[in-house]
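# Reading the structure
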Amino acid sequence: MRSSTAPAGLDQLVADCQVQLPDLSLLVGTEEVKPYECDGLSCYRALPGAVLLPEDEAEAVAALRLCSAAGVPVVARGAGTGLSGGAMPLPEGVVLSMARLNRVLDIDPPSRTALVQPGVRNLAISEAVADAGLYYAPDPSSQIACTIGGNVAENSGGVHCLKYGLTVHNVLKVRTILIDGTVVDVGADAPDAAGYDLLALMIGSEGLLGVASEITVKLTPKPLAAQCAMAAFDDLGKAGAAVGGIIAAGIIPAGLEMMDKAATRAVEDFVHAGYNLDAEAILLVESDGTPEEVAEEMARIKAVLDTAGAVEVRISSNEAERLRFWAGRKAAFPAVGRISPDYYCIDGTIPRRALPRVLHSIEAMTVEFGLRCANVFHAGDGNLHPLILFDANIPGELERTEAFAARILELCIEVGGTITGEHGVGVEKINQMCMQFGTAELTRFLGIKAAFDPAGLLNPGKAIPTLHRCAEFGRMHVHSGQEKFPELPRF
């Protein structure tokens, strides 16, 4: 049953969909829409007014036209694995799920490209092209479930993004549906396109500008060989300095990840990856290429790690051991979920030189806020993922966790970094956007939003704060230390 207090525009939209799009799957009952109330940031939730599930681009176009005509807000959604609340719905709006557009439309091995629909899972692309000796390089930890449409919206990365880049570096073209149903192609099948770089603008726009209906991705040849070094350190600062040492030596490894003791202990109990449990931090450093290239680069990597003060360096002796090292890092989030009722994953990026300072500062903050924190990092590009452990059933712990998270993001800004690396802003970091950017920059951001979506119907309230919100947040931040304004719907 739909609520009798549903907005008139939403009621009209549902009626129009039932008449004009009789084959469109439409969910309106409370129990039907409840699975869509949040994404991976589950502490913020709201029931959508309805959920639309188009089967193809034509249905998605027609649905957006009806939403535009009715003035109903739209939140596009993929698999819902996002971690910033970017897919959190609005009670007066609809969720447009693109999950059923899940076909690989074309594979072109000579051009090393594939044309896919937005509901195709990240890992499914690599599975589809494996016989051609190719794969899709961006590999978020959620790659078994996350969809390429969501990856485009958030500009997702992964543990190998240091060498192979983020989504924006691995996509050639995005076919996009605007709010009025207009379909535009941004980018090109060629490596470059004339005019403004709208492709880079669209990737990472968090569903504020348009909805992807087809994506042309670049494919990468599988390396002939790969090895991973696991280095253990007795000090966080030494591990952080080792990261800078590797890059300073002119080495761009395929992957360069860090975990602290809290994270490695949680992971080892869960995955049995063979990590050193006495270490204050471990680094995973991978080299790939030809066997000769890997052997030479791995020798250089080991030399840097030894010089930086590693107490142990183990190099994978076979493919099974390499995958086991990475299985631990990939399982960090579920492993932490086993030792705490709840956890809050932060996503900020800092200059590599600031790693030691930031690591020690976060360690001090755990004492200040009285909360445990397990740290995992895409260390090579300075992308931090501190995992704050808390129990939402204890009054005040969620609020204290939010304050801890906000402090980490503010520290990222302070050292010359940014508040997100790959998870996006969503609703989670919208206040920190007011600290990251000034009025002039935010005004330009809002102007771009208005050029694509004049009525502000696509994912409103996400990613780009209004100037009024920033003014209010600034007053509350200065006078009371509050880090969240206004309150968001919580569980």
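Residues numbered from 1 in each chain as written. Predicted model: local features only at pLDDT ≥ 70, side-chain atom pairs only at ≥ 80, totals over all residues. Heavy atoms only, no water.

## Quick look at the overall build of the protein
Where we set the bar: To qualify as a helix, a DSSP run of H or I must reach at least 4 residues; to qualify as a strand, a run of E must reach at least 2; elements of each kind are numbered from the N terminus. Note that the radius of gyration is over C-alpha atoms, with the globule rule given as 2.2 Å times the number of residues to the power 0.38. Here's how the labels work: a residue is buried when its accessible area is under 20% of the maximum for its type, exposed when over 50%, partly exposed in between, all with a 1.4 Å probe on protein chains only. Here, two residues are considered to be in contact whenever any of their heavy atoms come within 4.5 Å of each other. All accessibility values rest on the Shrake-Rupley procedure with a 1.4 Å probe; residue burial counts only the protein chains present in the view. Charge assignment in this entry is limited to Lys and Arg as positive and Asp and Glu as negative, and neither His nor the chain termini are counted. The atoms used to mark charge sites are NZ of Lys, CZ of Arg, CG of Asp and CD of Glu.
A tally of regular secondary structure across the protein gives 17 helices and 19 strands. Since a compact globule built from 491 residues should have a radius of gyration of about 23 Å, the 23 Å found for the protein is in line with a globular shape. Expressed as lengths along the three principal axes of its C-alpha atoms, the size of the protein is roughly 70 × 60 × 40 Å. Across the 491 residues in the protein, those meeting the buried criterion constitute 54%. Sequence-distant contacts in the protein: of pairs separated by 6 or more residues, those separated by 24 or more amount to 72%. Total accessible area on the protein stands at roughly 19500 Å², and carbon and sulfur atoms take up 55% of it. Here the protein holds 39 positive side-chain charges and 61 negative ones, and the gap between their average locations is 2 Å.

## Brief notes about the packing of aromatic side chains
The test is simple: Note on aromatic pairs: the rings of Phe, Tyr and Trp (six-membered ring only in Trp) are paired at centre separations within 6.5 Å, and the planes decide the class, stacked below 30 degrees, edge-to-face beyond 60, tilted for the rest.
In total, this model carries four aromatic pairs according to the counting rule given. Consider the rings of F333 and Y343, whose centres lie 6.2 Å apart with planes at 55°: the pair is tilted. With F333 in helix α12 (residues 332–337) and Y343 in strand β16 (residues 342–345), the pair connects residues that are ten residues apart, well separated along the chain. Look at F369 and F404: their rings are 5.0 Å apart centre to centre, the planes differ by 5°, and that puts the pair in the stacked class. Of the two residues, F369 is situated in helix α13 (residues 355–369) and F404 in helix α14 (residues 397–414); the sequence distance between them amounts to 35 residues. The exposure class of F404 is buried, given its relative accessible area of 0%.

## Some remarks on the sheet that holds strand β6 (residues 113–116)
Note the threshold: Two strands are counted as paired when DSSP detects at least two bridges linking them. With axes taken as lines fitted to C-alpha atoms, and helix axes fitted only over the stretch in contact, angles between N-to-C directions fall between 0 and 180 degrees.
Spatially, β5-β6-β10-β8-β9 is the arrangement adopted by the five strands of the open sheet, whose pairing is antiparallel. Strand pairing shows two members of the sheet lacking a second neighbour, β5 (104–108) and β9 (183–187), which therefore form its edges. Sheet twist, expressed as the mean angle between neighbouring strand axes with direction ignored, is 15°. Sheet analysis places strand β8 (residues 171–177) next to strand β10 (residues 211–218), joined by six bridges and oriented antiparallel. Across the sheet, T176 pairs through a bridge with A212, a residue of β10. Docked against the sheet, helix α3 (residues 57–70) engages β8, β9 and β10, running at close to 50° with respect to β8.

## Here's the deal with the confidence of the model for the protein
The cut-off we apply is this: The predictor reports its confidence for every residue as pLDDT, a score running from 0 up to 100.
Within the protein, residue pLDDT values average 93, and 96% of them lie at 70 or more. In the predicted structure, residues 480–486 sits below a pLDDT of 50 and forms 24 contacts with residues beyond four places in sequence or in another chain.

## Observations regarding the sheet that holds strand β2 (residues 50–53)
Read from one edge to the other, the open sheet built from four strands follows the order β1-β2-β4-β3, with strand pairing classed as mixed. Edge positions in the sheet fall to β1 (25–27) and β3 (74–77), since each has one partner strand and no second. The average angle at which neighbouring strand axes cross in this sheet is 20°, direction not considered. Most of the contacts of helix α1 (residues 8–20) go to β1, to which it runs at about 150°, and overall it touches β1, β2 and β4 (94–97).

## What about the state of the cysteines?
Using the following cut-off: In plain terms, two cysteine sulfur atoms within 2.5 Å form what is called a disulfide here.
Going through the model one piece at a time under the given rule, you end up with one disulfide. There is a disulfide in this structure between C434 and C470, and the S-S distance comes to 2.1 Å. Every disulfide takes its handedness from the sign of the S-S torsion; for C434 and C470 that torsion is -80°, giving left-handed. Placement of the pair is C434 in helix α15 (residues 430–436) and C470 in helix α17 (residues 467–480), with a sequence separation of 36 residues. One exposure class covers both C434 and C470, and it is buried. Of all cysteine sulfurs in the structure, the one in C38 sits closest to C43, which takes part in no disulfide; the separation is 8.9 Å.

## So, the pairing of β6
One ladder, built from four bridges, connects β5 with β6; its direction is antiparallel. By the bridge assignment for β6, D108 is matched with T113. Bridge count for β6 against β10 is four bridges, and the pairing is antiparallel. Counterpart to L115 in the pairing with β10 is T216.

## Describing the packing of helix α8 (residues 236–248) against helix α10 (residues 291–308)
To be explicit about the condition: Here a crossing is taken to be left-handed if its near helix is turned anticlockwise relative to the far helix by less than a right angle, and right-handed if that turn runs clockwise. Note that Gly is not counted as nonpolar here; it falls among the polar residues with everything else outside the nonpolar set of Ala, Val, Leu, Ile, Met, Phe, Trp, Tyr, Cys and Pro and the charged set of Asp, Glu, Lys and Arg.
Taken N-terminus to C-terminus, the directions of α8 and α10 make an angle of 145°; their axes are 9 Å apart at the nearest point. With respect to the hand of their crossing, α8 and α10 are arranged in right-handed fashion. Where α8 abuts α10, its residues K238, A242, G245 and I246 lie against V304, L305 and A308. In terms of residue class, the contact of α8 with α10 is made up of five nonpolar, one polar and one charged.

## Some remarks on α13
Counted only if it meets this: How far a helix is expected to stretch is found by multiplying one less than its residue total by 1.5 Å. The arc refers to the directions leading from the helix axis to the C-beta atoms.
Between its terminal C-alpha atoms α13 stretches 21 Å, which fits the 21 Å expected from 15 residues at 1.5 Å a residue. Of all the residues in α13, the buried ones are L355, V358, L359, I362, M365, T366 and F369. Projected onto a plane normal to the axis of α13, the buried residues spread over an arc of 115° and lie on a single side. On the buried face of α13, the contacting elements are α8, β13 (255–260), β18 (372–378), β19 (383–390) and α14.

## Considering the pattern of salt bridges
Basically, it comes down to this: Salt bridges are defined as contacts in which a side-chain nitrogen from Lys or Arg sits within 4 Å of a carboxyl oxygen from Asp or Glu.
Under the definition given, this model contains 24 salt bridges. One continuous salt-bridge network, built from bridges that share partners, spans K34, E37 and R45.

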